[in-house]
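Here is how the chains run, residue by residue.
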Amino acid sequence: MNFNLKQLEAFVWVSDLGSFRKAADRLNTTQPNISTRISSLENTLNVKLMERDAGSVRLTTKGQELLKHARKVLVQSDEFLSAVNQNTLHNETIRIGVTEMIVHTWLRSFLKRLKNEYPKLSVELTVDLSNNLKSELFSRSTDMAFQNGPFQRQTSGFVDLGTYAWIWVASPQLGISGTDTVSVADMLEFPILTHSRDTHIFTEIEQYFTNHGEEKPRFVSSSNLATCLFMAVEGMGISAIPKAMVTKELENGELVQLLHDWMPSPLEFRARFDLEKSPAIVARTAELAAQTAHDFSLTIDQYVLSNL
């Protein structure tokens, strides 16, 4: 019987993504190559695996039956490589979606750790809002997402990446810092620099100030937390920023922490993936991310203790 893993891989990805073009993008090849692999597999097996209509792909009854067996073969192939314990044999591409906060904290250390364990592994990153990363993950455009909750839709695989607290910060030039608690009225004297309006954090902050302030809050939103941080440093308003992102600015005095009775809910992060369909290396990558996040948290804790 003359078939190979590349043919089975093409069959699985076309089935999962519902598109020859998307499968070609996922496997870093061309659409004609994917078509050739599927046709060769069908000819070898003497079965029709899928019907190709304009703009869509539909598995035949036999194709649906054989898909689960194809997955098992790919999983066993992956387990074989793992049993050999030769990580240099892994030369595939893993696609990871990450939020901006991860980029500005421990992503670099994670990528270094991953490279040390899998020298030939390629990584493609998508940096976006958590809600957008969810869509990419469930469409299988990415293998895994490092994202924050709330998680309305669960995944079959996930690893906790820690919890990150927000703090209120402002430039010392605004003159509202000190040892006393800052009131809502004092905060509303300045623009409130926030994350995008379609994020959970913006909704929380908007509801809080709308319900507790006598003045109408002035929100300046941005899809980029680093922009909020930059504007806060420049004295353009006050902002809630994950503390893990502003240790340097607090240390050098560009920003000061504002004491206030209320803070947005902490960010709960997870590495999320499809445990049933993903190769074992995806779960291992999630474990490396968790180790890196833990090490980073220890570093932040040590910084906080040293500045008490």
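Please refer to the structure placed before this passage.
Reading the values: the criteria
- Residues numbered from 1 in each chain as written.
- Predicted model: local features only at pLDDT ≥ 70, side-chain atom pairs only at ≥ 80, totals over all residues.
- Heavy atoms only, no water.
- Helix = DSSP H or I, 4+ residues; strand = E, 2+ residues; numbered from the N terminus.
- Buried < 20%, exposed > 50% of the residue type's maximum accessible area, 1.4 Å probe, protein only.
- Pairing = 2+ DSSP bridges.
- Axes fitted to C-alpha atoms, helices over the stretch in contact; angles between N-to-C directions.
- Contact = heavy atoms within 4.5 Å.
- Patch = residues over 30% accessible without salt bridge, like charges linked within 9 Å, V, L, I, M, F, W, Y side chains within 5 Å.
- Areas by Shrake-Rupley, 256 points an atom, 1.4 Å probe, with all protein chains shown as cover.
- Salt bridge = Lys/Arg side-chain N within 4 Å of Asp/Glu carboxyl O.
- Parallel < 35°, antiparallel > 145°, perpendicular 65-115°, else oblique.
- Left-handed = near helix turned anticlockwise from the far one by under 90°.
- Nonpolar A, V, L, I, M, F, W, Y, C, P; charged D, E, K, R; others polar.
- Phe/Tyr/Trp six-rings, centres within 6.5 Å; stacked < 30°, edge-to-face > 60°.
- Lys NZ or Arg CZ within 6 Å of the ring centre and 35° of its normal.

Things to note about the environment of Gln207
Here is step 1 of the chain: Within the element layout of this structure, Gln207 appears in helix α9 (residues 200-212).
Here is step 2 of the chain: Under the relative-accessibility criterion, Gln207 is labelled partly exposed at 46%.
Here is step 3 of the chain: The spatial distance from the C-alpha of Gln207 to the C-alpha of Arg113 is 40 Å, given a sequence separation of 94 residues.

Observations concerning the sheet that holds strand β8 (residues 192-195)
Here is step 1 of the chain: Reading across the sheet, the 5 strands line up as β9-β8-β10-β7-β11 and stay open at both edges, with mixed pairing between neighbours. Every other strand in the sheet has two partners, leaving β9 (219-222) and β11 (256-258) as the edge strands with one partner each. Here the strands of the sheet are splayed against their neighbours by 40 degrees on average, with no regard to which way each runs.
Here is step 2 of the chain: Where strand β7 (residues 166-170) and strand β10 (residues 238-242) come together, 4 bridges link them in antiparallel fashion. Paired with Val169 across the strands is Ser239, a residue of β10.
Here is step 3 of the chain: Along the sheet, α9 contacts β7, β8, β9 and β10; its crossing angle with β8, the most-contacted strand, is approximately 145 degrees.

Quick look at a nonpolar patch on the surface
Here is step 1 of the chain: A surface patch of nonpolar side chains, amounting to about 270 Å² of accessible area, comprises Val103, Val123, Leu125 and Val127.
Here is step 2 of the chain: Looking at the secondary structure, you find Val103 in helix α5 (residues 100-103).

Quick look at unusual backbone geometry
Keep in mind that most residues, glycine aside, have a negative phi and that most peptide bonds are trans.
Here is step 1 of the chain: Going from Gly149 to Pro150, the amide bond is cis rather than trans, its omega being 5 degrees.
Here is step 2 of the chain: Relative to the helices and strands, Pro150 resides in the loop between β5 (144-148) and β6 (157-164).
Here is step 3 of the chain: For Asn28, which is not glycine, the phi dihedral falls at a positive 55 degrees.
Here is step 4 of the chain: Assignment of secondary structure puts Asn28 in the loop between α2 (20-26) and α3 (31-45).
Here is step 5 of the chain: Of note in this structure, Arg140 is not a glycine but carries a positive phi near 70 degrees.
Here is step 6 of the chain: By relative accessible area, Arg140 is classed as buried at 10%.

Observations concerning the packing of helix α1 (residues 5-17) against helix α4 (residues 61-84)
Packed helices, taken two at a time, are described by the angle between their axes plus the distance between the axes.
Here is step 1 of the chain: Where α1 contacts α4, the axes come no closer than 9 Å and their chain directions differ by 125 degrees. When the axis of α1 is compared with that of α4, the two are oblique. Considering how the two elements wind past one another, α1 and α4 form a crossing that is left-handed. Every residue of α4 that contacts α1 at Leu5, Leu8, Glu9, Phe11, Val12, Ser15 and Asp16 is listed here: Gly63, Leu66, Leu67, Ala70, Arg71, Val73, Leu74 and Ser77.
Here is step 2 of the chain: By residue class, the composition of the contact of α1 with α4 is 9 nonpolar, 3 polar and 3 charged.

Remarks on the packing of aromatic side chains
Here is step 1 of the chain: Evaluation of the coordinates by the stated rule reveals 8 aromatic pairs.
Here is step 2 of the chain: With centroids separated by 5.1 Å and ring planes inclined at 75 degrees, the aromatic side chains of Tyr208 and Phe209 adopt a geometry described as edge-to-face. You'll find Tyr208 and Phe209 in the same group, each marked buried.
Here is step 3 of the chain: Here the aromatic rings of Tyr208 and Trp262 are separated by 4.1 Å at their centres, their planes lie at 5 degrees, and the arrangement is stacked. On the criterion of sequence distance, the pair formed by Tyr208 in helix α9 and Trp262 in the loop between β11 and β12 (267-273) is long-range, its members being 54 residues apart. Taken as a pair, Tyr208 and Trp262 share a single burial class, namely buried.
Here is step 4 of the chain: Positioned above the aromatic ring of Phe138 is the side chain of Arg153, whose terminal nitrogen or guanidinium carbon lies 3.8 Å from the ring centre.
Here is step 5 of the chain: Geometry around Phe158 places Arg270 over its ring, the cationic atom sitting 4.3 Å from the centre.

A closer look at the side chain of Thr99
Here is step 1 of the chain: Within the secondary structure, Thr99 sits in the loop between β3 (93-98) and α5.
Here is step 2 of the chain: For Thr99, a relative accessible area of 5% gives the class buried.
Here is step 3 of the chain: With sequence-adjacent residues up to four places away left out, Thr99 is seen in contact with Val127, Asp128, Ser130, Leu133, Phe146, Gln147, Asn148 and Phe269.

Some thoughts on the packing of α1 against α3
Here is step 1 of the chain: At a minimum axis distance of 9 Å, the contact between α1 and α3 shows a crossing angle of 110 degrees. Viewed along their axes, α1 and α3 adopt a mutual orientation that is roughly perpendicular. Within the contact between the two elements, α1 uses Lys6, Gln7, Leu8, Ala10, Phe11 and Val14 and α3 uses Ile34, Arg37, Ile38, Ser40 and Leu41.
Here is step 2 of the chain: Grouping the amino acids of the contact of α1 with α3 by side-chain chemistry returns 7 nonpolar, 2 polar and 2 charged.

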